[in-house]
Amino acid sequence: DLFDYNDNLTNVIFPASVDEIGYYAFEGCSKLAQVTMSDSVMWIGDHAFVDCPALKGVTLPQGVQSIGDHAFGYVYNEYGDPVKVKDFTITGYTYSAAENYAINNGFKFVSIGAKQEFDVYNYYNTARIKKYNWRDAEVEIPYEIDGYTITQIGSGAFCDSPNLTSVTLPAS
């Protein structure tokens, strides 16, 4: 609540040291028109930028994995209910949380490129799959990615893959 309802704030730049933006963090900042995030931001809480009428769009980095309800593109009506901002635009990577948020909320989405198919974590010179980023019905997990042998699949790696019907694992 440090910045909520700040009528002087027009621009926010998140440095690499920030990896999450809390619930209601910038709620009601009426003049906030620009938000710049580093690739380190992974989580954006519910209503983080709700009721910021000067904010007409946002560019989300590839690292964002979770975007809460009404985080962007909503203002409160006279009854205190969030309503969509007309023509709000989400810019980000195809097959990302940014695209999912835009689709799920009916916002315009502008792609700046495709996100890597798998998010991986270097784990003692092997790799753990953190997230699968495509909407395909079938996926074949490679033996290695970026020179690292895949040895683990993380919890929830396929949780946002509603079309997925088949996973093929590599022979070891």
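Higher on the page you've got the structure.
Residues numbered from 1 in each chain as written. Predicted model: local features only at pLDDT ≥ 70, side-chain atom pairs only at ≥ 80, totals over all residues. Heavy atoms only, no water.

(A) Quick peek at the overall build of the protein chain. Along its length, the protein chain carries one helix and 16 strands. Principal-axis analysis of the C-alpha atoms gives the protein chain an extent of 60 × 30 × 25 Å. Burial status across the protein chain gives 38% buried among its 172 residues. Sequence separation of at least 24 residues holds for 38% of the intrachain contacts in the protein chain that already meet a minimum separation of 6. Here the protein chain has roughly 9400 Å² of accessible surface; of this, 48% comes from carbon and sulfur atoms. Here the protein chain contributes 10 positively and 22 negatively charged side chains, and the mean placements of these two sets differ by 6 Å. (Helix = DSSP H or I, 4+ residues; strand = E, 2+ residues; numbered from the N terminus. Buried < 20%, exposed > 50% of the residue type's maximum accessible area, 1.4 Å probe, protein only. Contact = heavy atoms within 4.5 Å. Areas by Shrake-Rupley, 256 points an atom, 1.4 Å probe, with all protein chains shown as cover. Lys, Arg positive; Asp, Glu negative; His and termini not counted. Charge placed at Lys NZ, Arg CZ, Asp CG, Glu CD.)

(B) Region of the structure containing the packing of aromatic side chains. All told, the structure shown has 10 aromatic pairs when counted by the stated rule. A centroid spacing of 5.2 Å and a plane angle of 10° characterise the contact between Phe-3 and Phe-26, whose relative ring orientation is stacked. Within this pair, whereas Phe-3 is found in the segment before β1 (11–14), its partner Phe-26 is found in the loop between β2 (20–21) and β3 (34–37), the two being separated by 23 residues in sequence. What makes Phe-3 partly exposed here is its relative accessible area of 35%. When the centroid spacing of 5.1 Å and the interplanar angle of 0° are considered together, the rings of Phe-26 and Phe-49 count as stacked. Of the two residues, Phe-26 is situated in the loop between β2 and β3 and Phe-49 in the loop between β4 (43–44) and β5 (57–59); the sequence distance between them amounts to 23 residues. According to the relative accessible area criterion, Phe-49 is buried, its value standing at 1%. An aromatic cluster is present here, built from Phe-3, Phe-14, Phe-26, Phe-49, Phe-72, Tyr-74, Phe-88, Tyr-101 and Phe-107 joined pairwise through their rings. Positioned above the aromatic ring of Phe-107, the side-chain terminus of Lys-84 is 5.8 Å from the ring centre. (Phe/Tyr/Trp six-rings, centres within 6.5 Å; stacked < 30°, edge-to-face > 60°. Lys NZ or Arg CZ within 6 Å of the ring centre and 35° of its normal.)

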